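Working through the structure, step by step
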Amino acid sequence: MEDLVGLLRIRVKRGMNLVSRDSQSSDPFVVVTMGSQTLNTHRVENNCNPEWNDELTLAFNDHNQPVILEVYDKDTFTSHDKMGDAEIDIRPFLEIQAMGLQDLPDGTEVKRVKPSTDNCLAQESRIAFSNGKIVQDMVLKLRNVESGEVEIQIEWISVP
């Protein structure tokens, strides 16, 4: 932990149009991985449009470490079924964070990030100043699956 740069808080808000992996629905949960750190949201039963509203906090020490989000359908007697994945591109967020912006009016938009082949954004993403912090709202389009999106928000927490 001596190389700790800060903490990255990821609010996993909700899933939209997730694929059904069981006979009629799914029991989805999200796994976020960065390096050796792995955190999970809670499971939402029988819902392909789940609302998680879970906060996951990762210790951050490497700007080049990818942050991977995976959605799974919880199965009791067999291995969990994968429902898609996305890489959270935090580079634009870290660039804004490094600028050291402070005391901006609440709601001030700092940057917009457009969807591209380099990110998993389903729509334009907004980086803004909110409640004294820089946050980025994202809707991620899941890869390796027929459909599905996950809405998240990321926030930086400085460590002394």
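Look up a bit, the structure's there.
Description of the structure in this document. Just so it is clear, the model here is predicted, and its values are computed rather than measured. (Residues numbered from 1 in each chain as written. Predicted model: local features only at pLDDT ≥ 70, side-chain atom pairs only at ≥ 80, totals over all residues. Heavy atoms only, no water.)

A few points about the pattern of salt bridges
Short version of the rule: For this document, the term salt bridge refers to a Lys or Arg side-chain nitrogen within 4 Å of an Asp or Glu carboxyl oxygen. Type-normalised accessible area, obtained with a 1.4 Å probe on protein chains alone, sets the label of each residue: buried when under 20%, exposed when over 50%, and partly exposed for intermediate values. Only DSSP runs of H or I covering at least 4 residues are called helices, and only runs of E covering at least 2 are called strands; the numbering of each starts at the N terminus.
For the coordinates displayed, the defined rule picks out 18 salt bridges. Residues E45 and R43 are paired through a salt bridge, measuring 3.4 Å at the closest nitrogen-oxygen approach. Residue classification places E45 among the exposed positions, given a relative accessible area of 52%. Judged by its relative accessible area of 35%, R43 is partly exposed. With a shortest N-O distance of 3.8 Å, K111 and E95 are connected by a salt bridge. With K111 in strand β7 (residues 109–113) and E95 in helix α1 (residues 91–98), this residue pair connects regions lying 16 residues apart in the sequence. On the accessibility criterion, K111 (30% relative accessible area) is partly exposed. Through salt bridges with shared partners, a single network forms among R9, R11, E55, K133 and E155.

Re the sheet that holds strand β5 (residues 67–73)
Note the following rule: When DSSP locates at least two bridges between a pair of strands, those strands are taken to pair. Orientation is described by lines fitted to C-alpha atoms, with helices fitted over the stretch in contact, and by angles between N-to-C directions that extend from 0 to 180 degrees.
The four strands are arranged β3-β2-β5-β6 in an open sheet whose pairing can be described as antiparallel. Strand pairing shows two members of the sheet lacking a second neighbour, β3 (37–40) and β6 (81–88), which therefore form its edges. Taking the axes of each pair of neighbouring strands and ignoring which way they run, one obtains an average angle of 20 degrees across the sheet. Relative to β3, strand β2 (residues 28–34) runs antiparallel, the two being bridged by four bridges. Its bridge partner lying in β3, V31 is registered against N40.

Details of the packing of aromatic side chains
Any two aromatic rings considered together are summarised by their centre-to-centre distance and by the angle between their planes. Note the threshold: We call Phe, Tyr and Trp rings a pair once their centres come within 6.5 Å, taking the six-membered ring for Trp, and we label the pair stacked below 30 degrees between planes, edge-to-face above 60, and tilted otherwise.
Applying the stated criterion to the full structure yields two aromatic pairs. Centroid distance F29 to Y72: 5.9 Å. Interplanar angle 25 degrees. Geometry classified as stacked. Placement of the pair is F29 in strand β2 and Y72 in strand β5, with a sequence separation of 43 residues. A ring pair is formed by F60 and W156, whose centres lie 5.3 Å apart and whose planes are at 80 degrees; its orientation type is edge-to-face. Here F60, found in strand β4 (residues 51–60), pairs with W156, found in strand β10 (residues 149–158); they are 96 residues apart in sequence, far enough to count as distant. Just as F60 is buried, W156 falls in that class too.

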